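Single-letter residue listing:
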Amino acid sequence: MNKNFTKPALLAAATIGFAAFFTTPAANAACFEGNVGCTDSAAIPVSALQELSCDSLWSVRNMIFDENGYCFQTTKGQSVFSNEGCAYKTMSAMPLNTYESQNILTVRKVEKQKACF
């Protein structure tokens, strides 16, 4: 599976239903048009995340992990994101920047509000 093809398709599917479109990522970050920005250089607005389904929120959150080399342990994670080239078996070992860390926390907050867990 070609990860470069899978990620844009996954994000495009994840963003259907709110007015943000996937654009060419800067480095490895997922980027969106409009006020959403890139997952590694902008805080994703809560209002944009609240428009997403639980599955889409899961995809956005885990895309940040995938972009940073996480080796997925679950069957779902492995089927959506290839572990090809992964480097970290624990999320706590990944070198996330401030925006990535905040965006993960924000997505988790919205997932909790929507009772996604």
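Everything numeric here is computed off the predicted structure, so don't read it as measured data.

Basis of the calculations
Residues numbered from 1 in each chain as written. Predicted model: local features only at pLDDT ≥ 70, side-chain atom pairs only at ≥ 80, totals over all residues. Heavy atoms only, no water. Helix = DSSP H or I, 4+ residues; strand = E, 2+ residues; numbered from the N terminus. Buried < 20%, exposed > 50% of the residue type's maximum accessible area, 1.4 Å probe, protein only. Contact = heavy atoms within 4.5 Å. Areas by Shrake-Rupley, 256 points an atom, 1.4 Å probe, with all protein chains shown as cover. Axes fitted to C-alpha atoms, helices over the stretch in contact; angles between N-to-C directions. Parallel < 35°, antiparallel > 145°, perpendicular 65-115°, else oblique. Left-handed = near helix turned anticlockwise from the far one by under 90°. Nonpolar A, V, L, I, M, F, W, Y, C, P; charged D, E, K, R; others polar. Phe/Tyr/Trp six-rings, centres within 6.5 Å; stacked < 30°, edge-to-face > 60°.

Our focus in this paragraph is the overall build of the chain. In terms of regular secondary structure, the chain is built from 5 helices and 3 strands. Within the chain, the fraction of its 117 residues that count as buried is 42%. Restricting to contacts in the chain with at least 6 residues of sequence separation, those with at least 24 account for 52%. With the model as given, the accessible surface of the chain reaches about 6,300 Å², and the carbon-plus-sulfur share is 55%.

Moving on: the packing of helix H3 (residues 54-67) against helix H5 (residues 98-113). Where H3 contacts H5, the two axes come as close as 10 Å, and the packing angle between them is 160°. Judged by the angle between their axes, H3 and H5 are roughly antiparallel. Pair H3 / H5 crosses with left-handed handedness. Between H3 and H5, the residues in contact are Cys54, Leu57, Trp58, Val60, Arg61, Ile64 and Phe65 and Glu100, Asn103, Ile104, Val107, Arg108, Val110 and Glu111, respectively. By residue class, the composition of the contact of H3 with H5 is 9 nonpolar, 1 polar and 4 charged.

Another aspect to go through is the packing of aromatic side chains. With the rule as written, the count across this model stands at 4 aromatic pairs. Note on Phe65 and Tyr70: the rings are 6.0 Å apart at their centroids and 55° apart in plane angle, and the pair reads as tilted. The pair Phe65 / Tyr70 is uniform in exposure class, with both members buried. With 5.1 Å between their ring centres and 15° between their planes, Phe72 and Phe81 make a pair best called stacked. Using a relative accessible area of 4% as the deciding quantity, one classes Phe72 as buried. Taking relative accessible area as the criterion, Phe81 reaches 2% and is therefore assigned buried. Each member of the aromatic cluster is reached from another via a ring pair, and the members are Trp58, Phe65, Tyr70, Phe72 and Phe81.

Coordinates in, geometry out; function isn't part of it.
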